[in-house]
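Residue-level listing of the chains:
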Amino acid sequence: MTVRAVRGAVQLERDDRGHLVDSTKSLLKEMLDANELEQQDLISVILTATPDLRSEFPAVAARELGLTDTPLMCAQELGIAGALPRVVRILVHAETDRRKRDVRHVYLGGAAALRTDLAGSPGGTR
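Residues numbered from 1 in each chain as written. Predicted model: local features only at pLDDT ≥ 70, side-chain atom pairs only at ≥ 80, totals over all residues. Heavy atoms only, no water.

**Student:** How do you make sense of the nonpolar core when you look at a structure like this?
**Tutor:** Across soluble globular proteins, nonpolar side chains have a tendency to be buried as a group. Core analysis: the largest hydrophobic core is formed by 25 residues, its most contacted members being Leu27, Leu28, Met31, Val88, Ile90 and Val92. Elements that contribute at least two residues to this core include exactly β1 (2-11), α1 (17-34), β2 (42-49), α2 (59-64), β4 (87-96) and β5 (106-108). Tallying contributions element by element places α1 first for this core, with six residues. When sequence neighbours within four positions are dropped, the list of residues in contact with Leu27 reads Gly8, Ala9, Val10, Val88, Ile90, Val106 and Leu108. (Core = buried A, V, L, I, M, F, W, Y, C linked by side-chain atoms within 4.5 Å. Buried < 20%, exposed > 50% of the residue type's maximum accessible area, 1.4 Å probe, protein only. Helix = DSSP H or I, 4+ residues; strand = E, 2+ residues; numbered from the N terminus. Contact = heavy atoms within 4.5 Å.)

Here is the structure:
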């Protein structure tokens, strides 16, 4: 097995606890499904939120999905002028047999604008 990193992001419509948790769960599930990853494959997960998201820690969503034995860390993104607002990003470290070029990164909703270079590629946006 090799350690790979899987990236993903979702732009939220509003800063609301339920919306943040549900959107983060959807993103994380899609990242795991797209890469055929199971909970036992996960090494660690880093979740970030832009400074305008304050209603909940994104890691709560991962815990609610059952990731209770995977180390999680939340952090705040830099507040750069002109940056896309209301974005949760996830970086998953996992053991997998996938080649680096076959890793599928997932960017949902408005967050697809963050990685237009991936559109149409095997590791592209959805």
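**Student:** Can you walk me through a negative patch on the surface in this structure?
**Tutor:** On the surface, Asp15, Asp16, Asp22 and Asp52 cluster together to form a negatively charged patch. Of note, Asp16 is situated in the loop between β1 and α1. (Patch = residues over 30% accessible without salt bridge, like charges linked within 9 Å, V, L, I, M, F, W, Y side chains within 5 Å. Areas by Shrake-Rupley, 256 points an atom, 1.4 Å probe, with all protein chains shown as cover. Salt bridge = Lys/Arg side-chain N within 4 Å of Asp/Glu carboxyl O. Lys, Arg positive; Asp, Glu negative; His and termini not counted. Charge placed at Lys NZ, Arg CZ, Asp CG, Glu CD.)

**Student:** Would you mind showing me how to read the sheet that holds β5 here?
**Tutor:** Paired through backbone hydrogen bonds, the strands of a sheet run either parallel or antiparallel to each other. One open sheet holds the five strands; their spatial order is β3-β2-β4-β1-β5, and the pairing between them is mixed. What marks the edges here is a single partner per strand, and that holds for β3 (72-76) and β5. Taken over all neighbouring pairs, the strand axes of this sheet differ in orientation by 15° on average, direction set aside. Examined bridge by bridge, β2 and β4 share seven bridges and lie antiparallel to one another. Within β4, the position partnered with Leu42 by the bridge is Ala94. Relative to β4, α1 is tilted by about 30°, and along the sheet it contacts β1, β2, β4 and β5. (Pairing = 2+ DSSP bridges. Axes fitted to C-alpha atoms, helices over the stretch in contact; angles between N-to-C directions.)

**Student:** Looking at this structure, I do not really get the environment of Lys29. What am I missing?
**Tutor:** As for its position among the elements, Lys29 is in helix α1. Relative accessible area serves as the criterion here: at 44%, Lys29 is assigned to the partly exposed category.

**Student:** Before we go on, may I ask you to explain the side chain of His105 in this structure?
**Tutor:** Inspection of the secondary structure assignment puts His105 in the loop between β4 and β5. The exposure class assigned to His105 is buried, which follows from its relative accessible area of 19%. Among the polar contacts listed, one links the side chain of His105 to the backbone nitrogen of Arg7, at a separation of 2.9 Å. (Polar contact = N/O pair within 3.5 Å; in protein donor to acceptor, adjacent residues only side chain to side chain.)

**Student:** What is the right way to read the side chain of Thr24 from this model?
**Tutor:** Within the element layout of this structure, Thr24 appears in helix α1. Given a relative accessible area of 1%, Thr24 falls into the buried group. Leaving out residues up to four positions away in the same chain, Thr24 has contacts with Leu47, Pro58, Ala61, Val88 and Ile90.

**Student:** Is there a simple way to think about empty space enclosed by the protein in this case?
**Tutor:** Over the atoms, a rolled probe matching the size of one water molecule traces out where space is still vacant. Scanning all chains against the criterion turns up one cavity of 30 Å³ or more. For the largest cavity, the calculated volume is near 30 Å³. For the largest cavity, the full set of lining residues is Arg4, Val6, Asn35, Leu37, Ala94, Thr96, Arg98 and Val103. Broken down by secondary-structure element, the contributors of at least two residues to the lining of the largest cavity are β1 and β4. Per-class residue counts for the lining of the largest cavity are four nonpolar, two polar and two charged. (1 Å grid on protein atoms, 1.4 Å probe; cavity = no way out; pocket = protein on both sides within 12 Å on 5 of 7 lines; lining within 4 Å. Points joined across faces, edges and corners; volume = space filled by probe spheres on them. Nonpolar A, V, L, I, M, F, W, Y, C, P; charged D, E, K, R; others polar.)

**Student:** Looking at this structure, I do not really get the pairing of β1. What am I missing?
**Tutor:** Side-chain positions along a regular strand alternate between the two faces of the sheet. Here β1 runs beside β4; their pairing, made up of ten bridges, is antiparallel. By the bridge assignment for β4, Gly8 is matched with Ile90. Bridge count between β1 and β5: three bridges; the pairing is parallel. Across the sheet, residue Gly8 finds its bridge partner in β5, namely Val106.

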